There are 2 protein chains.
Amino acid sequence: MTTDSTGLKTAVAEVAARVENAMRKDLAGRLAGSDPLLREVVEYSLFSGGKRIRPFLCVLSARCCGRDDADLYTLAAALEYLHTATLMHDDVVDHAPLRRGRETAVQRYSLEDAILAGDWLHARSLYLVGKFTGAEGLDVFCSATEGMVNGEFVQKRLCGDYRASEEDYFAVITQKTGNLIASSCALGALYAGADRARVQALQRYGEGVGIAFQIVDDLLDYTGRQALTGKETGNDFQEGKLTLPLIRALAAASPAEQEEMKKLIEGDRTRPEARAAIQAFIESLGGFQSAAQSAQHCVTEALGKLALFSADPAASPHVGLLQALTGYILVRKK
Amino acid sequence: MTTDSTGLKTAVAEVAARVENAMRKDLAGRLAGSDPLLREVVEYSLFSGGKRIRPFLCVLSARCCGRDDADLYTLAAALEYLHTATLMHDDVVDHAPLRRGRETAVQRYSLEDAILAGDWLHARSLYLVGKFTGAEGLDVFCSATEGMVNGEFVQKRLCGDYRASEEDYFAVITQKTGNLIASSCALGALYAGADRARVQALQRYGEGVGIAFQIVDDLLDYTGRQALTGKETGNDFQEGKLTLPLIRALAAASPAEQEEMKKLIEGDRTRPEARAAIQAFIESLGGFQSAAQSAQHCVTEALGKLALFSADPAASPHVGLLQALTGYILVRKK
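These figures come from a predicted structure and were not determined experimentally.

Another aspect to go through is the overall build of chain A. Scanning chain A for helices and strands turns up 15 helices and two strands. At 20 Å, chain A has a C-alpha radius of gyration in line with the 20 Å of a compact globule built from 334 residues. With respect to the three principal axes, the spread of C-alpha positions in chain A is 60 × 50 × 35 Å. The buried share of chain A, taken over its 334 residues, is 59%. The long-range fraction of contacts in chain A, counting pairs at least 24 apart against all pairs at least 6 apart in sequence, stands at 75%. Just so you have it, chain A exposes about 13100 Å², and 50% of that area is on carbon and sulfur atoms. Of note, chain A has its 37 positive side-chain charges centred 4 Å away from the centre of its 43 negative side-chain charges.

It takes a turn of 180 degrees to lay chain A on chain B, together with a shift of 0.0 Å along the axis; the resulting RMSD is 0.0 Å. On the angle and the small slide along the axis, the relation comes out as a two-fold axis. With an isologous cut-off of 70% or more, the 100% of interface residues of chain A that recur at the interface of chain B puts this contact in the isologous class.

This part takes up the nonpolar core. In this structure, A:Leu246 and B:Leu246 are the most contacted members of the largest nonpolar core, which totals 236 residues. No other element matches helix α6 (residues 111-158) of chain A, which puts 20 residues into this core. Here A:Leu246 is in contact with A:Tyr222, A:Phe237, A:Met261, A:Ile265, A:Ile278 and A:Ile282, once residues within four sequence places are set aside.

Time to look at unusual backbone geometry. All names here are of chain A. With a phi close to 50 degrees, Arg-100 is a non-glycine residue in the positive phi region. Among the secondary structure elements, Arg-100 is positioned in the loop between β1 (98-99) and β2 (102-103). The class for Arg-100 is partly exposed, based on a relative accessible area of 32%.

It is worth spelling out the environment of B:Ser254 at this point. Turning to its location among the elements, B:Ser254 is positioned in the loop between α11 (244-252) and α12 (255-266). Placed 31 residues apart in sequence, B:Ser254 and B:Leu285 show a C-alpha to C-alpha distance of 9.7 Å.

Turning our attention to the interface of chain A and chain B. Each partner contributes to the interface: chain A provides 40 residues, whereas chain B provides 40 residues. Three residues, A:Asp35, A:Glu146 and A:Phe153, lead the burial of chain A against chain B; their summed loss comes to 18% of the area buried on that side. At the boundary of chain A and chain B, one finds six salt bridges. One salt bridge in this structure joins B:Asp113 and A:Lys156, with 2.6 Å as the shortest N-O distance. Along the contact surface separating chain A from chain B lie 13 residue pairs in polar contact (both at pLDDT 80 or more).

The next thing to look at is the state of the cysteines. Residue and element names in this part refer to chain B. Considering all chains together, one arrives at zero disulfides over all chains under this definition. Cys-65 supplies the cysteine sulfur nearest to Cys-64, a cysteine that is in no disulfide, at a spacing of 6.2 Å. Given a relative accessible area of 2%, Cys-64 falls into the buried group.

Time to look at the side chain of B:Asn150. Relative to the helices and strands, B:Asn150 is located in helix α6 (residues 111-157). When residues no more than four places from it in sequence are discounted, the contact partners of B:Asn150 are A:Ser34, A:Asp35, A:Leu38 and B:Gln175.

On to the packing of aromatic side chains. Residues and elements named next belong to chain A. Scanning all chains against the criterion turns up eight aromatic pairs over all chains. Taking 6.3 Å as the distance between ring centres and 80 degrees as the angle between the ring planes, the aromatic pair formed by Phe-132 and Tyr-191 counts as edge-to-face. In this pair, Phe-132 sits in helix α6 while Tyr-191 sits in helix α7 (residues 166-191), placing the two residues 59 residues apart along the sequence. Between Arg-67 and the ring centre of Tyr-191, over which it is positioned, the NZ or CZ distance is 3.9 Å.

So, on to the side chain of A:Arg52. Residues and elements named next belong to chain A. Along the chain, the position of Arg-52 falls in the loop between α2 (36-46) and α3 (53-64). What makes Arg-52 buried here is its relative accessible area of 2%. Of note is the side chain of Arg-52, whose polar atom sits 2.8 Å from the side chain of Glu-20. The contact partners of Arg-52, leaving out residues within four places of it in the chain, are Ala-16, Glu-20, Met-23, Leu-46, Phe-47 and Glu-80.

This next bit is on the confidence of the model for chain A. With 97% of its residues at a pLDDT of 70 or more, chain A shows a mean pLDDT of 94. Scoring of the predicted complex yields 0.94 for pTM and 0.93 for ipTM.

Right, let's talk about helix α13 (residues 272-284) of chain A for a bit. Because an α-helix completes one turn every 3.6 residues, residues spaced three or four positions apart along the sequence face the same direction. All names here are of chain A. In this model, α13 (13 residues) spans 18 Å end to end at C-alpha, consistent with the 18 Å of a helix rising 1.5 Å per residue. Taken together, the buried positions of α13 are Ala-274, Ile-278, Gln-279, Phe-281 and Ile-282. Along the axis of α13, the buried positions cluster into a sector of 160 degrees, meaning they face one direction only. Seen from the buried face of α13, the exposed residues on the opposite side, beyond 90 degrees, are Pro-272, Glu-283 and Ser-284. Its buried side turned inward, α13 meets α8 (196-223), α10 (235-239), α11 (244-252), α12 (255-266) and α14 (287-305). Looking at the residues trailing α13, positive phi occurs at Gly-286, about 80 degrees.

The next point concerns the pattern of salt bridges. Inspection of the entire model under this criterion finds 42 salt bridges over all chains. Across the salt bridge formed by A:Lys241 and A:Asp236, the nearest N and O atoms sit 3.9 Å from each other. Accessibility assignment for this pair places A:Lys241 and A:Asp236 in one class, buried. Salt-bridge contacts for B:Arg196 lead to B:Glu136; the nearest nitrogen and oxygen are separated by 3.5 Å. Placement of the pair is B:Arg196 in helix α8 (residues 196-223) and B:Glu136 in helix α6, with a sequence separation of 60 residues.

This next bit is on helix α15 (residues 316-331) of chain A. Residues and elements named next belong to chain A. Here α15 contains 16 residues, and its C-alpha end-to-end distance of 24 Å stays within 8% of the 22 Å for a straight helix at 1.5 Å per residue. Listing the buried residues of α15 in full gives His-318, Val-319, Gly-320, Leu-321, Leu-322, Ala-324, Leu-325, Thr-326 and Ile-329. As for α15, its buried residues are in contact with α1 (5-30), α3, α8 and α14.

Here is what the cut-offs are and how they apply
- Residues numbered from 1 in each chain as written.
- Chains lettered and ligands numbered in written order.
- Predicted model: local features only at pLDDT ≥ 70, side-chain atom pairs only at ≥ 80, totals over all residues.
- Heavy atoms only, no water.
- Helix = DSSP H or I, 4+ residues; strand = E, 2+ residues; numbered from the N terminus.
- Rg over C-alpha atoms; globule rule 2.2 N^0.38 Å.
- Buried < 20%, exposed > 50% of the residue type's maximum accessible area, 1.4 Å probe, protein only.
- Contact = heavy atoms within 4.5 Å.
- Areas by Shrake-Rupley, 256 points an atom, 1.4 Å probe, with all protein chains shown as cover.
- Lys, Arg positive; Asp, Glu negative; His and termini not counted.
- Charge placed at Lys NZ, Arg CZ, Asp CG, Glu CD.
- Least-squares fit on C-alpha atoms with pLDDT ≥ 70 in both.
- Core = buried A, V, L, I, M, F, W, Y, C linked by side-chain atoms within 4.5 Å.
- Buried area = accessible area lost by both parts, 1.4 Å probe.
- Salt bridge = Lys/Arg side-chain N within 4 Å of Asp/Glu carboxyl O.
- Polar contact = N/O pair within 3.5 Å; in protein donor to acceptor, adjacent residues only side chain to side chain.
- Disulfide = S-S within 2.5 Å.
- Phe/Tyr/Trp six-rings, centres within 6.5 Å; stacked < 30°, edge-to-face > 60°.
- Lys NZ or Arg CZ within 6 Å of the ring centre and 35° of its normal.
- pLDDT = per-residue confidence, 0-100.
- Expected span 1.5 Å × (residues − 1).
- Arc of directions from axis to C-beta.

This is the structure:
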């Protein structure tokens, strides 16, 4: 069964609405009597027009494995809690003024508010994951969180280093993005009581989707339009992060071109001319095209993992949505 | 059975050594292959000469309830992980240069390193608590974490407000300090499979001890010597935090004195003369003495909770240590 993009959009919106209901209910209970500003910062950060892709993957994975009930949406909410907590802390670290086209929490409130409200969401997310998926789920989830932190450290160590390799890049994005998306799928499957093969298949699907998602994100940092993405572009190069388009361009460059690119990477990266020059190098050396092909390749691998469910007619509509989602990731403009 | 201060010191050092072993083992396994800087920041922050009071309470509570084995020390380590994570984030928020007489992580490394390594410890602590004490322990632990965040928000809201009440003060310190110490006791008891009455008695004991500990901490912020405490003194007044000595002094003051104190609280609190003047008011109005009496009262209440164990001879040496600990809290100078 194939699902068209309208069907996917409807399903994403349906799950998002149910997850947002679950979030509001959970927060109303948990933050009753709490400081009003804490509640405001948490709600401001959570309800910011995100598509709730991680919760969507959690819910769809559980459905693929035959379970769908009210608590599933609270478990799915936990994934958005953690994702939001990490964004809040990332924005503090990056001094980012904008996210999804509006002020970040650190910009609108304060450093203190963003750090602490992020910690609140972190604690709450782990509680919910432990409650609904036990020690096994907690292990998956905490490993993802720990990996995200490690990915940030590795990324920082490689910052501005023109020798950063393709292996380094994939290690970083697997930890920074792939693992939490993979966990979203694994937790849904664990919640549904799926066997190890199904849990692993969905986890690997999620990892492939997550990596493809991040490759596209890194492409959009060069080629996206701020009006669509809601983020400033060109950040990665400016911060010295070598992402796949640039790594591929460096690999394809002649020694003379490499030398020029190295100078741009190690020089003043805030100059608009440096940004334009590096972008021209990547374009002419096929870096954007090559990175896009890698995203396509990850998606193909991810789709292969879903074959396990082909013998199960009950899973078919849900698998169709997971398949359709991969198409969206490749063509997204924001 | 009573325990003298030498017996207490020996027991605290013995538990600390075993907990530190457990931490090193856990970190070696968990951070193998991780970024070397992440490991360095985590270890720098954890191994800073702390007395491991929270782990001590966890271990002693489990022993009171009849269980003592290797995993207990890993569970106890989780309490130090969370405590350290909150200190790291607090130091980021407060721009604190020193803690326990040496550079804070944010000062020595960076904002990013301190926030992220704190997140790593947070995730790891919750995983261990979930693993060893299940959903019930996770609930206790996450509630404490969420409460700590809320306590920070409430404290900030009351900052510089001379009308902050005694009730406000106790609500804040119960959340900021009391709950995690209470959780340390409760988790030890839960780990030992204790009945509800024992879990609650130890939890209440811990809450009383935690509140007394914080009252003494707030006293030392006025009356302590930096060479002993390793922290700058006078921070609370400077930041506009109304702690118990000042709240009690305000309550005992004449209208004219209140008016003068209000001016000091709402004026430029960074002036050394303002600090000296408020300290003289607190002294002459009996604020320090009155706060010390409250700490004593909390300790007496806490000790009363241990009566439940008096019929159990096997618990006696452990109860004796918990009793002795309360004496240390009241007389500590750092």
